[in-house]
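Structural overview
Okay, here's what each chain looks like letter by letter:
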Amino acid sequence: MARRAHGEGSIYQRRDGRWTAYLRDGYKNGKPHKKYVYGATQREVRKKLESLKRDLAQGLPVDFERQTVGQFLDRWLVDVVRSRVRPKTYESYEMHIRRHLKPQLGHHQLTKLAPDHVQAMMNEQLASGLSPRTANYTRSILRSALNQAVRWGHVARNVAKLTDPARERRTEVRPLTPEQARAFLDAARGHRLEALFTVALAIGLRQGEALGLRWEDVDLDAGLLRVRHTLQKLEGEWQFVETKTERSRRTINLPPVSVTALREHRLRQDQERSIAGPKWGNFNLVFPSSRGTPLDGSNVTHRLQRLLEESRLPRQRFHDLRHCCASLLLVQKVPMRVVMEILGHSQIALTMNLYSHVMPALEHEAARLMDEILTTGR
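Parameters at a glance
Residues numbered from 1 in each chain as written. Predicted model: local features only at pLDDT ≥ 70, side-chain atom pairs only at ≥ 80, totals over all residues. Heavy atoms only, no water. Helix = DSSP H or I, 4+ residues; strand = E, 2+ residues; numbered from the N terminus. Expected span 1.5 Å × (residues − 1). Buried < 20%, exposed > 50% of the residue type's maximum accessible area, 1.4 Å probe, protein only. Core = buried A, V, L, I, M, F, W, Y, C linked by side-chain atoms within 4.5 Å. Disulfide = S-S within 2.5 Å. Contact = heavy atoms within 4.5 Å. Pairing = 2+ DSSP bridges. Salt bridge = Lys/Arg side-chain N within 4 Å of Asp/Glu carboxyl O. Lys, Arg positive; Asp, Glu negative; His and termini not counted. Axes fitted to C-alpha atoms, helices over the stretch in contact; angles between N-to-C directions. Parallel < 35°, antiparallel > 145°, perpendicular 65-115°, else oblique. Nonpolar A, V, L, I, M, F, W, Y, C, P; charged D, E, K, R; others polar. Polar contact = N/O pair within 3.5 Å; in protein donor to acceptor, adjacent residues only side chain to side chain.

Okay, helix H5 (residues 132-151) next. Structurally, the α-helix is built with 3.6 residues per turn, so residues lying three or four positions apart point the same way. Compared with an ideal rise of 1.5 Å per residue, which puts 20 residues at 28 Å, H5 spans 29 Å between its outermost C-alpha atoms and is within 8% of the ideal. The set of residues buried in H5 consists of Ala-135, Asn-136, Thr-138, Arg-139, Ile-141, Leu-142, Ala-145, Leu-146, Gln-148, Ala-149 and Val-150. Looking one or two places after H5, you find Gly-153, whose phi comes out positive at around 80°.

Now the structure itself:
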């Protein structure tokens, strides 16, 4: 059998079914030095091997087998994540990598990272008091990064996939009842944020969507509201960014109660703008501060909870108004597909899973209606 020439490379299949290729790259410390690439098929590995040969021929650096997890994550953030996700998501990824992944895994060589390293990190996070949800989110970020490392041929497998996620306890959704929702709107009457709470409750906007609404997005004569962006604070500055998903960009029919609240709100806002004069913020927001500047989400939530407490109603997050909207729609027998479109969910399964607590009441009503159909006239 002919001996392979220097730089020719070799391809073989491993016992686990994956394919590996290596390329001889001279000698280091008197020993033959090899560079490896990995793939799911022989064809994939052959392409990576040819790419590796070209890089070597052009003198490009390919010594990725010595890079650390921290070095790879830094590169992944810049080369992949920044151009693919929304700015707020990028900030979240960067923060979790800086606070959790790099301190505990960053020193490992990428090619030597093992499943037990990742599992130990998660166990330590949980032991330190970090929530299971945060631990799983950190694992999810690492898993996405290692998927890219596998595609680039830097590692043979994604070790994060071989670990067990932390067990999360699903929080039971307890939205306001129809009677409580009416009591809440009665209590909010005359409040500066009455229209905001009314709209959030009536059509289930996310907080970022509601606070990012501009008057050009609202047609009160037609009773329509368009969700096109959200308002987020990025690097200390307020910015309008794309909605969470393509489905989130939607046009919603406003119920008359919301149209009335918005008309009254606009009259009050005109008075505030007149008082503020040139100091009024140039954002054209539907729900700004008394000076026309964006509202802080946490302050809005505090005002909501104070109003609920004064009204002796159950404590709610702002996002719970969205849950209440969905529950009220479903109880009124609005089709699940329509509820999905109003809320801007990407999949109907998400809507069904989130609001499964409403299903028993709907099933009871379905049984009553079926009985009525089958027994009428007997």
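Another point: the environment of Ala-222. With respect to the secondary-structure elements, Ala-222 resides in the loop between strand E4 (218-219) and strand E5 (224-227). Looking at Ala-222, the relative accessible area reads 42%, which means it is partly exposed. A C-alpha to C-alpha distance of 8.8 Å links Ala-222 and Leu-254, two positions 32 residues apart in sequence.

The next point concerns the nonpolar core. Within the largest apolar cluster, 45 residues are counted, with the highest numbers of intra-cluster contacts made by Phe-184 and Phe-197. Secondary-structure elements contributing two or more residues to this core are helix H6 (178-188), helix H7 (194-203), helix H8 (207-211), E5, helix H9 (256-276), helix H10 (297-310), helix H11 (318-331) and helix H12 (336-343). Within the second largest apolar cluster, 28 residues are counted, among which are Val-118, Ala-145, Val-159 and Ala-166.

A full pass over the atoms with the stated rule returns zero disulfides. Left without a disulfide partner, Cys-324 is nearest to the cysteine sulfur of Cys-325, which lies 7.7 Å away. The exposure class of Cys-325 is buried, given its relative accessible area of 2%.

In this section: the side chain of Asn-136. Assignment of secondary structure puts Asn-136 in helix H5. Judged by relative accessible area, Asn-136 falls into the buried class, the value being 11%. With near-sequence residues (within four places) excluded, Asn-136 lies in contact with Met-122, Pro-165, Ala-166 and Glu-168.

Moving on: the sheet that holds E4. In spatial order, the strands read E4-E5-E8; together these three strands make up an open sheet with antiparallel pairing. Each edge of the open sheet carries a strand with a single partner, namely E4 and strand E8 (250-253). Across two bridges, the pairing between E4 and E5 is antiparallel. Within E5, the residue paired with Asp-219 across the bridge is Leu-224.

Here we take up the pattern of salt bridges. A pair can form between side chains of opposite charge whenever their charged atoms are brought close. Within this structure, the stated rule accounts for 16 salt bridges. Look at the salt bridges and you will find they share partners, linking Arg-206, Glu-209 and Arg-250 into a network.

On to the environment of Leu-304, then. By the secondary structure assignment, Leu-304 is in helix H10. Once the C-alpha coordinates of Leu-304 and Phe-318 are considered, the two residues, 14 residues apart in sequence, prove to be 7.2 Å apart. With near-sequence residues (within four places) excluded, Leu-304 lies in contact with Phe-184, Phe-197, Gln-316, Arg-317, Phe-318 and Leu-321.

Now for the side chain of Glu-194. Of note, Glu-194 is situated in helix H7. Within the buried core, Glu-194 has no salt-bridge partner, and the shortest N-O distance to an opposite charge, that of Arg-268, equals 4.1 Å. Once residues lying within four places of it in the same chain are set aside, the contact partners of Glu-194 are Ala-188, Arg-189 and Arg-268.

To continue, consider helix H2 (residues 69-84). Between the first and last C-alpha of H2 there are 21 Å, a value that for 16 residues agrees with the 22 Å anticipated at 1.5 Å per step. Buried within H2 are the following residues: Val-69, Gly-70, Phe-72, Leu-73, Trp-76, Leu-77, Val-80 and Val-81. Buried-residue contacts for H2 involve helix H3 (87-105) and H5.

Moving on, we get to the packing of H2 against H5. Packing of H2 against H5 leaves a shortest axis separation of 11 Å and a crossing angle of 95°. Between H2 and H5, the crossing angle belongs to the class labelled roughly perpendicular. For the pair formed by H2 and H5, the contact residues are Phe-72, Leu-73, Trp-76, Val-80 and Arg-84 on the first element and Ile-141, Ser-144, Ala-145, Gln-148 and Ala-149 on the second. When grouped by side-chain class, the residues that make up the contact of H2 with H5 number seven nonpolar, two polar and one charged.

What follows concerns the environment of Ser-128. If you trace the backbone, Ser-128 turns up in the loop between helix H4 (115-127) and H5. Among the residues examined, Ser-128 registers a relative accessible area of 61% and is labelled exposed. Within polar-contact distance, the side chain of Ser-128 engages the backbone oxygen of Gln-125 at 2.7 Å.

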